Amino acid sequence: MIKTSGLKKLYVTEEVETTALNNINIEIDAGEFVAIMGPSGCGKSTLLNVLGMLDNPTDGEYYFLDHEVSSYTESQRANLRKNNLGFVFQSFNLIDELTVYENVELPLLYQKVAPAARKEKVMAAMDQMSMTHRKNHFPQQLSGGQQQRVAVARAVVARPKVILADEPTGNLDSANGDEVMGLLADLNKDGTTIIMVTHAPQYAEYSNRVIHLLDGRVVSEKMSGAGRA
Amino acid sequence: MLKHYLISTLRRLGRAKGFTAINIIGMSVGLTGSVLALLLVRYELSFDKYHERLDRIHLVVNRSVSASGKVDHQPWLPLPLGPELLATSTEIVRSARLTLGEVIVHGGSGSFEEDILFGEPYLFEMLSFAVIAGDPVAALAQPDGLVMTRQSAMKHFGTVDLIGQPVSLTTEAGRREFRVLGVVENPPAQSTLQFQMVLPLQAWLTYTTRALNWNASNTHILVETAGPVGKFDLTDTFLAILLKNRSDRAPVTDQGEIPTGRRYWNLSLLPFVEAHLSPQYASGLLQPVDPQNLMILAGFAAILLIIAIFNFMLLALGRLQSRFKEVGVRRVVGANGADLTAMFMGEVLLTALFALGISFLILELTLPSFNKLLGRDLALTTATDLGFWASLLLLVGILVLAAGLYPARKLASLQPVQALHGIDPSNPEKRSIQLGVILQISLTIIILVAALVINKQMKFIQEQPLGFNESQVVLYKIATEMDELPLWSQRLKEVLSRDSGVQSVAKVSYSVNRGWNRLGWRDNAGKPWRALVKDVDEDYLKTMEIALLSGRDLAAQDGEEAMLVNEAFVEAFGLDEPIGYVLDGFAGDADRDPTIIGVFSDFHFFSLRSEVAPMILWKNPAEYYQYLLARIAADDVSGTLQRLGDSWKRAAPGIPLNYNFLDEDIQALYIQEQKLQAVTRGAAILALTLSAMGLLGMATIEISRRTKEIGIRKVLGASVPEIMGLLSRRMVVSSLLANIIAWPVAWIVMQKWLGSFAYRIELGPGILLGAASLALLVSLLTLGTLAMRAATANPVDSLRYE
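Residues numbered from 1 in each chain as written. Chains lettered and ligands numbered in written order. Predicted model: local features only at pLDDT ≥ 70, side-chain atom pairs only at ≥ 80, totals over all residues. Heavy atoms only, no water.

> Help me out: how do you make sense of the overall build of chain B in this one?
The secondary structure content of chain B amounts to 24 helices and 21 strands. Taking the contacts inside chain B whose residues are at least 6 apart along the sequence as the reference set, 78% of them involve residues at least 24 apart. Total accessible area on chain B is roughly 34,200 Å²; 58% of this is exposed by carbon and sulfur atoms. (Helix = DSSP H or I, 4+ residues; strand = E, 2+ residues; numbered from the N terminus. Contact = heavy atoms within 4.5 Å. Areas by Shrake-Rupley, 256 points an atom, 1.4 Å probe, with all protein chains shown as cover.)

> Can you help me understand the environment of B:Thr689 in this one?
All names here are of chain B. With respect to the helices, strands and loops of the structure, Thr-689 is situated in helix 20 (residues 671-705). Using a relative accessible area of 39% as the deciding quantity, one classes Thr-689 as partly exposed. Between the alpha carbons of Thr-689 and Val-778 there is a distance of 8.9 Å; along the sequence they are 89 residues apart. (Buried < 20%, exposed > 50% of the residue type's maximum accessible area, 1.4 Å probe, protein only.)

> Honestly, the sheet that holds strand 12 (residues 473-477) of chain B in this entry has me stumped. Any pointers?
Sheets are built from strands that pair by backbone hydrogen bonding, the pairs being arranged parallel or antiparallel. Residue and element names in this part refer to chain B. Read from one edge to the other, the open sheet built from 4 strands follows the order 13-20-12-21, with strand pairing classed as antiparallel. Edge positions in the sheet fall to strand 13 (502-508) and strand 21 (659-661), since each has one partner strand and no second. Taken pair by pair, the neighbouring strands of this sheet meet at an average axis angle of 20°, ignoring direction. For strand 12 and strand 20 (residues 627-632), the ladder comprises 5 bridges, and the chain directions are antiparallel. The partner of Tyr-476 across the bridge, within strand 20, is Leu-628. Together, strand 12, strand 13 and strand 20 form the strand contacts of helix 15 (residues 485-497), whose direction differs from that of strand 13 by roughly 170°. (Pairing = 2+ DSSP bridges. Axes fitted to C-alpha atoms, helices over the stretch in contact; angles between N-to-C directions.)

> Can you walk me through the interface of chain B and chain A in this structure?
It is common to report an interface's size as the accessible area lost on association of the parts. Each partner contributes to the interface: chain B provides 23 residues, whereas chain A provides 26 residues. A combined buried area of about 2,400 Å² lies between chain B and chain A, and 59% of that area is made up of carbon and sulfur atoms. Our enumeration of links across chain B and chain A arrives at 4 salt bridges. Between B:Arg331 and A:Glu74 there is a salt bridge, and its shortest N-O distance comes to 3.1 Å. The interface formed by chain B and chain A contains 6 residue pairs in polar contact (both at pLDDT 80 or more). For the side of chain B that touches chain A, a count of residues per class yields 10 nonpolar, 5 polar and 8 charged. (Buried area = accessible area lost by both parts, 1.4 Å probe. Salt bridge = Lys/Arg side-chain N within 4 Å of Asp/Glu carboxyl O. Polar contact = N/O pair within 3.5 Å; in protein donor to acceptor, adjacent residues only side chain to side chain. Nonpolar A, V, L, I, M, F, W, Y, C, P; charged D, E, K, R; others polar.)

> Just checking my understanding: could you explain the packing of aromatic side chains for this structure?
Each aromatic ring pair is characterised by the separation of its centres together with the angle its planes make. If you walk through the whole model with that rule in mind, you get 26 aromatic pairs over all chains. Between A:Tyr203 and A:Tyr206, the ring centres sit 6.2 Å apart and the planes meet at 40°, which makes this aromatic pair tilted. Aromatic side chains B:Phe388 and B:Trp389 sit 4.8 Å apart centroid to centroid with 80° between the ring planes, which places their arrangement in the edge-to-face category. You can call B:Trp389 partly exposed: its relative accessible area is 36%. (Phe/Tyr/Trp six-rings, centres within 6.5 Å; stacked < 30°, edge-to-face > 60°.)

> Whenever I open this one, the pairing of strand 2 (residues 17-24) of chain A confuses me. Can you help?
Regular strands show a simple pattern: their side chains alternate between the two faces of the sheet. Residue and element names in this part refer to chain A. Bridging between strand 1 (residues 2-12) and strand 2 involves 5 bridges; their strand directions are antiparallel. Residue pairing across strands places Leu-10 opposite Thr-19, the latter belonging to strand 2. A loop of 4 residues connects strand 1 with strand 2, the two strands running antiparallel in sequence.

> Help me understand the pattern of salt bridges, please; the structure alone is not making it clear to me.
Proximity of charged atoms lets side chains of opposite charge pair with each other. A full pass over the atoms with the stated rule returns 45 salt bridges over all chains. B:Arg97 is the salt-bridge partner of B:Glu120, the closest N and O atoms lying 2.9 Å from each other. Here B:Arg97 lies in strand 3 (residues 92-107) and B:Glu120 lies in the loop between strand 4 (110-119) and helix 4 (123-126), a separation of 23 residues in the sequence. On the basis of relative accessible area, B:Glu120 is assigned to the buried category, the value being 17%. Across the pair B:Arg330 and B:Glu326 runs a salt bridge whose closest N-O atoms are separated by 2.9 Å. With a gap of 4 residues between them, B:Arg330 and B:Glu326 both fall in helix 10 (residues 324-332), about one helical turn apart. Overall, B:Glu326 belongs to the buried group, its relative accessible area being 7%. Salt bridges here are not isolated pairs; linked through shared partners, they connect A:Glu97, B:Arg12, B:Arg323, B:Glu326, B:Arg330 and B:Glu347.

Written out as structure tokens, the structure reads:
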């Protein structure tokens, strides 16, 4: 499903040139739950952004569903993104002016889903995340855990093939963190591929493979938790 | 999707109330100004459009060129030219001469003075005035015919059913009976020709004496051509007519050479539809507007709108960062650039529509006073024409695109990662924002300069010594037939002079803004002379307090042989020893050799737009004095006026009492300028307010962005004044740089405006510096309170802000 070869990402400013990713070769199959770990600044988020087509690599190839996307324009990437990917962020990234319902509905709007189908899907996603009772609240009126559940609902509402999660538990206490991880694990069981960046070893346990990065390189790849079981 | 955008936009606008208010207020003021300008310009452009044969109707006009090359635009022409054109040219199929006059209407309820037209029958055939009863064409063909409008018919008789009704009128020729043979609707407000009554041309006293006189110009001539404009070149016809009847004024001599050393005429056709926008042909009958003033008004409206656009754009750019997260999220869930552009443009459109709604509200409230100021009847409700709404649509479209496109592009071009992480890519907006602020301030400075210049020029005009003392002088009009003027002017002068509150009384033929008479003649040596000639009596200089510079004043025993001239006369004709100079050939009369007995100081008979012209004062033997000027004592003015009115009515019950202060007539010369002054002042205040509001918004953004920096600086020991200086520096620099753009533009435009005054202020650095400091002051005051608050805040609060 996902394959990279010789992936490289450089950040160039007038003064310094930083290598964020260096020769990344990974392959992720459909249905996998992959955790990406490593210390701060090792390139985890950059890798996730490139895999999520939020950013283009500087060099190398990236195959997503057999499309070579490394040189796609932003609008081509946007098109692939909205039909295949869901995102969950550490800081939730809900739009403050929109209610819970409207935040979850947003991806469907951009996919031009018909109103009736839209409602059905939004309600289903919110039901799945147990947020139906909060549908008319605004994000500021919710706790962190609730906000992240809304974010997960938004990520899954369009039934994406892959969910990319960037430290989804980073801003949550352990009870809420466990709950969100449980949700992701459930989604994975239903067949959704999950790629997650995390700091926390206990949450990496939920994955079946852990990729360790250091200074922009893959230093180890091993089966873990669910994978070993 | 539309609903989604609408809801999220409304919530966002509601959340940022301050910025939304600045944008909506700014846009609504800009739109209000623009709609007003649009209404006004369309109003002025649609004068006389209702005449069916408009494309064939023309005014004959004369651009006469003096020996020195100065062009004088005149709609006044010799009476015999009308029939001569009809007889000579096959292309001119109809003509109507017309002129202004006054009559006294003797009705059941007393005598009223009324402004009228003297005209020829074709007038009502060429122009489309709606007929209510009778036949106005036939009416003007009768020597005693009379055409009334609905308004005057209702005023004098209470009915329009008047055909055959005898009406007793006193014209200059005397009192006699006319018959109402036509009643027409009132001329529309957008009609160049305005009248209450029309009398046949033959009833005009001047016509009876000058019908064949090519040497006096005292009529307007309307002609209808055989086809639409543009097909006719009547140059040869006009030339032939001049060579035949006024060879001394023909543009070429008999030998075909361009004349030198003398004035010549250029007769031409002015399409009647253009008359309203041809200020050079202003006469009592034609009261055109100056397109330049319309342009200035439209310019003000445009500047207000542009300031509003800048406010919107700058605030949007300044707040771009606050929307990064939202844009990033939308990107991540699938929005493309077009989606984001559409969303942002939708916000701008919504703001603009709110503003439009408010501006309609403002217009409903302000149109009456605006109409009163401009003497127009503009209305939104009658603006049912598609053109207006199409222009409005275009205007809103331009507003939305101009205000939104750039920020929208910036927003839409953000890459998702940059947006989500709040990274401003090297913040290139800083530069465009500062440039925008500079442009906006420069527009404000331009309007300020315009307001200051117009204000100063008007003040200058008001304070400019006119060469006479215009205060406490009352002008009485003697409205009676011409033959009776010598008798009544003398009798009423005596009546007024007897009053203890009256210091002196003079008889005059013309007064400021009340007609004039210009004569040209050749002396025995063939030298051409040309001067304004005013008939006055021996009390004129005294009453007007005009200084006598040399020689002596007119005396009671003087007759037509004694003349006073002004300094301009002495200078224009190079008289080394004016006193005793004999003006042989004066008025083309070989037998009359008047002598200059005195020189009086120049005074302004016309507006300060024109230079003081050579002038002669003399006692006209005909004694056709239409006005009395009375200088009254400053104390108990109203009592004096009351007594004078009573004495007048007792002495002359048949002559309506009609008086006003001379300074009112002088003020009336500058009505257009006064309107312009009022509008400019308003526009300047609005521009300053709008741009201050925009700057306030910008300062809010700037300071909130620099909160952390301020905290750090304070921790490191910066003082309050130092922080204030830091925050104000960019604003001061922008305000100063704005002058580089504003000064040249303002200077050129206002220099052109001042150019239409012969007497004008110097547009010096004072005004430019004044406008600049005013703009700077307002910027600093705007910024000051915010900067003060930020600078005096507790540093811990500023740091915690992160």
